[in-house]
Amino acid sequence: MSMSQTPMIEMRNVEKHFGDHHVLKGISLTVKKGEVVVIIGPSGSGKSTLCRTINRLEPIDSGEICFDGKPLPEEGRALAALRSQIGMVFQSFNLFAHKTILENVMLAPMDVLHKPQKEAREAAMELLKRVGVDSQAGKVPAQLSGGQQQRVAIARSLAMNPKAMLFDEPTSALDPEMIGEVLDVMTELAKEGMTMVIVTHEMNFARRVADRVVFMDEGRILEDGTPEEFFAHPKTERARDFLNSIKDH
Amino acid sequence: MRGAGLTVRDVLYEAPGAGTRKKIAVATAASLLLLALLLGLVIRQFAIAGQLDRKYWFFFARGTTWSFLGKGLLGTVEVAVVSGILAFAAGFFLMVGRISQSRISRALCTGIIEFTRGVPTLLFVYFFFLVAPQLGIRLHAFWKITLPVSISACGVVAEVLRSGVNAVPKGQREAALSLGMREGSVFLKIIFPQAFRVVIPALLSELVIVLKDTTFAYVINFPDLMQNASVLISNYDAMLSVYLLIAVIYCIINYLLNKAAEAVAVRGKEKGGAK
Amino acid sequence: MRIEELLSQFGSQYVRALLTTWELTALSAAIAFLLGTAVTVMRISPIRPLRRFGDFYVQIFRNIPGASLLILLVYALPYLDVVLSYRTCVLMAASLIPSAFCSEYLMAGINTIDPGQIEAARSLGMTFGQIIRRVVIPQALRSSILPMTNLLVATMLTTALASQVPLNPRELTGIVAHINTHAVGGVTAFLISAFLYCMTAVAIGQAGSWIDRKVRILR
């Protein structure tokens, strides 16, 4: 069990400002290997920013972030190499518009991991089949529905064999009928033991899949516990208000 | 948090780390040095060639020089404004002809538009300068430059206006028709005013091209800025300084026109966004 | 003058004029594209003096009238002891001005890319160079096909400046001036050149929209 001693992600006293706006206030968070952590909170609470600091898409002002036991490199090839080990899925899919679905998934393995084309293609087709869009491999992103695009985005990240995956509101830009298909893929991933940090508003998904739920408000982590504890007995007033406000919908 | 107006130019670079900051600082210093060197070389060349001599520059301190150049500029502006108006009028009719129901009118106007867009202004200038007199057409010098410049611009104006008309939502026309308005007045009162507002920036950009084309006035000896400049040159034997100054004047005028076009475009977008 | 007469007397000169116009256009456009790309690289670089210089360059050459630039190159530069051949002057004028517009179109093309794609590429572990080569340039080029074909036509129109200097062989505008000052060419001489210009412009336009249809990025 010595392997699981090193946490996958460790944040200590992380501070971050956008100009005058103090977005992250003394954030400390540990994610163990294989753990699924769902971050929830009202909009503007800093949860997306927190997610984006883990692969340094947002640099931080102070504090420390370690990934798999090593502090995040500041820049350059070392940072790029670290990022290749962390998958990230965005709210707006961000598929490469000029490449086909298959090419989207093959690009980074070939460019970054220097895999031969044939191998990259086979692996990509395998992944597309796994997320259920293999029949669309030759199309370009704009020809796919939002749900399909997001599943491709997940496949694109998985093609790098990441040690962990970050999801920044992956279903917020989707039509309601497409949310399920994306959450299903994520649920599968969680079952297979992927380490995941997920920012979402899907409470049922959090209840079902999360090992831990983290509640954020105004740049602070206010609660951190199992979904059972959190949804049944929120400790803070803020969390109770938040849960009530989303129940109405 | 993160602005919605973020462009690629903004996100291309990440917040630099210590190493990158150092590299940027070195590159900045090196490029500053290089640019200074370049500027120094140019000035040195001026000095070596004796072009910094007082005799090439002193007359710019005289009011008469500027009033003479001002007269030339007035000629330039006259040609540009009249050309602009003519090009707009012709462009409007070409656009109407191009979107009309009649196939003949469409083909004819498309042909004229393509013709005026595919032929250099200078060739039109030579037409009015050398060919028209052979046909017994006697024109004042003003028209020998104004007509070719406006012909050269009208096709572009037509296409710009057409793109504006296409940008007006279909629902506008249908709504107006359903109120009982006639097709013609729908176009003039509803469609065209909206289209016009959209294309003001593009029309201003076209005005820059018109202004540039007026410089061919020297071919037919019309007293515009360029022509008056050459008079100045023969008076003071100062080719380099005068032509340089003229180029700067044209650049400044066109720069201001382009800035105006950008400002109008931004304002239009903001208005559109507020809807 | 009737067209048969004109062609028998000046036919071979027209062919050479057309080829000269094409040659000047192709050369100028190639130089303009290289210059425009270089300036664009400066304008998106993180080095501020280069950015400023690039912006300044573009403002100068998109605003200076072609005639003004040509006159400076031909008549004023010799006063700085820089004497260039007429052909070089024409090529410079016909490439410096389009290069500024080329850079503007490339910048616009770059700005059509969704910034999210840059972040996605970054989070996949792609380096800055890879992002530029694999994501930014291919998309910027594809979305600037139509502006670039317009630019090619504009470059062709700019090469008419060559008629203002004694260039041998003459190009399509120069030959009309030549014929009409040495013989009475009439409208026909003008129309032949105009027709050849137009056909070239239409051909460029058709080729451009064909390429654009092939590579256009759906959004």
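Above this text you will find the structure in question.
Residues numbered from 1 in each chain as written. Chains lettered and ligands numbered in written order. Predicted model: local features only at pLDDT ≥ 70, side-chain atom pairs only at ≥ 80, totals over all residues. Heavy atoms only, no water.

## Description of the overall build of chain A
Inference 1: Within chain A one finds nine helices and ten strands.
Inference 2: With the C-alpha coordinates of chain A rotated into their principal frame, the extents come out at 55 × 45 × 40 Å.
Inference 3: Here chain A, with 249 residues, has 55% of them falling under the buried criterion.
Inference 4: When contacts within chain A are restricted to residue pairs at least 6 apart in sequence, long-range pairs at least 24 apart make up 67% of them.
Inference 5: Accessible surface, chain A: about 10,700 Å² in total, of which carbon and sulfur atoms supply 48%.
Inference 6: Computed over 30 positive and 35 negative side-chain charges, the separation of the two mean positions in chain A equals 4 Å. (Helix = DSSP H or I, 4+ residues; strand = E, 2+ residues; numbered from the N terminus. Buried < 20%, exposed > 50% of the residue type's maximum accessible area, 1.4 Å probe, protein only. Contact = heavy atoms within 4.5 Å. Areas by Shrake-Rupley, 256 points an atom, 1.4 Å probe, with all protein chains shown as cover. Lys, Arg positive; Asp, Glu negative; His and termini not counted. Charge placed at Lys NZ, Arg CZ, Asp CG, Glu CD.)

## Description of the interface of chain B and chain C
Inference 1: In this complex, chain B contributes 51 residues to the contact, which on the side of chain C involves 60 residues.
Inference 2: Of the roughly 5,100 Å² buried where chain B meets chain C, counting both sides, 72% is carbon and sulfur surface.
Inference 3: Between chain B and chain C we count one salt bridge in total.
Inference 4: Its salt-bridge partner being R122(C), residue E14(B) comes within 3.4 Å of it at the nearest N-O pair.
Inference 5: One can count eleven residue pairs in polar contact (both at pLDDT 80 or more) joining chain B with chain C.
Inference 6: Elements represented by at least two residues in the side of chain B that touches chain C include exactly α1 (8–11), α2 (18–48), α4 (103–118), α5 (121–134) and α10 (239–274) of chain B. (Buried area = accessible area lost by both parts, 1.4 Å probe. Salt bridge = Lys/Arg side-chain N within 4 Å of Asp/Glu carboxyl O. Polar contact = N/O pair within 3.5 Å; in protein donor to acceptor, adjacent residues only side chain to side chain.)

## Section: the packing of aromatic side chains
Inference 1: For the structure on display, the rule yields 22 aromatic pairs over all chains.
Inference 2: With centroids separated by 5.5 Å and ring planes inclined at 45°, the aromatic side chains of F215(A) and F242(A) adopt a geometry described as tilted. Placement of the pair is F215(A) in strand β9 (residues 212–217) and F242(A) in helix α9 (residues 237–247), with a sequence separation of 27 residues. By the burial criterion, F215(A) is buried, and F242(A) matches it.
Inference 3: With centroids separated by 5.6 Å and ring planes inclined at 80°, the aromatic side chains of F92(B) and F93(B) adopt a geometry described as edge-to-face.
Inference 4: An aromatic cluster is built from W57(B), F58(B), F59(B), F60(B), W66(B) and Y236(B), whose rings are joined through pairwise contacts.
Inference 5: It is R156(A) that lies over the ring of F96(A); its NZ or CZ is 4.7 Å from the centre.
Inference 6: Lying over the aromatic face of F231(A), R207(A) brings its terminal NZ or CZ to 4.5 Å of the ring centre. (Phe/Tyr/Trp six-rings, centres within 6.5 Å; stacked < 30°, edge-to-face > 60°. Lys NZ or Arg CZ within 6 Å of the ring centre and 35° of its normal.)

## Topic: the sheet that holds strand β6 (residues 86–89) of chain A
All names here are of chain A.
Inference 1: Pairing is mixed in the open sheet, where six strands are placed in the order β6-β7-β8-β3-β9-β10. The open sheet is flanked by β6 and β10 (220–225), the only strands paired with a single partner. Going from strand to strand, the sheet's axes swing by 15° on average, the running direction of each strand aside.
Inference 2: As judged from the four bridges shared by strand β3 (residues 36–40) and strand β8 (residues 195–199), these two strands associate in the parallel manner. Paired with V38 across the two strands is I198, which belongs to β8.
Inference 3: Helix-sheet contacts for helix α6 (residues 176–191) involve β3, β7 (164–168) and β8, and the interaxial angle to β8 is about 145°. (Pairing = 2+ DSSP bridges. Axes fitted to C-alpha atoms, helices over the stretch in contact; angles between N-to-C directions.)

## Regarding the packing of helix α2 (residues 48–63) of chain C against helix α4 (residues 86–111) of chain C
Residues and elements named next belong to chain C.
Inference 1: Across the interface, α2 lies against α4 with an axial gap of 8 Å and an inter-helix angle of 125°. Overall, the two elements α2 and α4 adopt an arrangement that is oblique. Between α2 and α4 lies a crossing whose hand is left-handed. Touching Y57, V58, F61 and R62 of α2 are L96, I97, S99, A100, F101, S103 and E104, all from α4. (Parallel < 35°, antiparallel > 145°, perpendicular 65-115°, else oblique. Left-handed = near helix turned anticlockwise from the far one by under 90°.)

## Some words on the pattern of salt bridges
Inference 1: Tallying each qualifying case throughout the model produces 29 salt bridges over all chains.
Inference 2: E183(B) is the salt-bridge partner of R173(B), the closest N and O atoms lying 2.9 Å from each other. Separated by ten residues along the polypeptide, R173(B) in helix α7 (residues 170–178) and E183(B) in helix α8 (residues 183–213) bring together distant segments of the chain.
Inference 3: Taking relative accessible area as the criterion, E183(B) reaches 45% and is therefore assigned partly exposed.
Inference 4: Between R87(C) and E23(C) there is a salt bridge whose closest N-O contact spans 3.0 Å. In this pair, R87(C) is assigned in helix α4 and E23(C) in helix α1 (residues 3–44), connecting sequence segments 64 residues apart.
Inference 5: For R87(C), a relative accessible area of 34% corresponds to the partly exposed category.
Inference 6: Several salt bridges converge on common partners, so that one network encompasses K16(A), R52(A), E58(A) and E119(C).

## Side note on the nonpolar core
As a rule of thumb, nonpolar side chains are buried together in soluble globular proteins.
Inference 1: Among the nonpolar cores identified, the biggest contains 114 residues, and I145(B), V242(B) and Y14(C) are the most heavily contacted of them.
Inference 2: Every residue in contact with V242(B), bar those within four places of it in the chain, is listed here: F59(B), F60(B), A229(B), L232(B) and I233(B).
Inference 3: By size, the runner-up hydrophobic cluster in this structure holds 50 residues, among which are M178(A), A210(A), A239(A) and L243(A). (Core = buried A, V, L, I, M, F, W, Y, C linked by side-chain atoms within 4.5 Å.)

## Side note on the interface of chain A and chain B
Inference 1: With eleven residues of chain A at the contact, the number on the chain B side is nine residues.
Inference 2: Of the roughly 740 Å² buried between chain A and chain B, counting both surfaces, carbon and sulfur atoms make up 47%.
Inference 3: Ranking the residues of chain A by area buried against chain B places F18(A), E74(A) and E75(A) at the top, with a combined share of 46%.
Inference 4: Linking chain A with chain B are one salt bridge.
Inference 5: Our count for the chain A to chain B interface comes out at three residue pairs in polar contact (both at pLDDT 80 or more).
Inference 6: Elements represented by at least two residues in the side of chain A that touches chain B include exactly α1 (47–53) and α2 (76–83) of chain A.
Inference 7: Per-class residue counts for the side of chain A that touches chain B are four nonpolar, one polar and six charged. (Nonpolar A, V, L, I, M, F, W, Y, C, P; charged D, E, K, R; others polar.)

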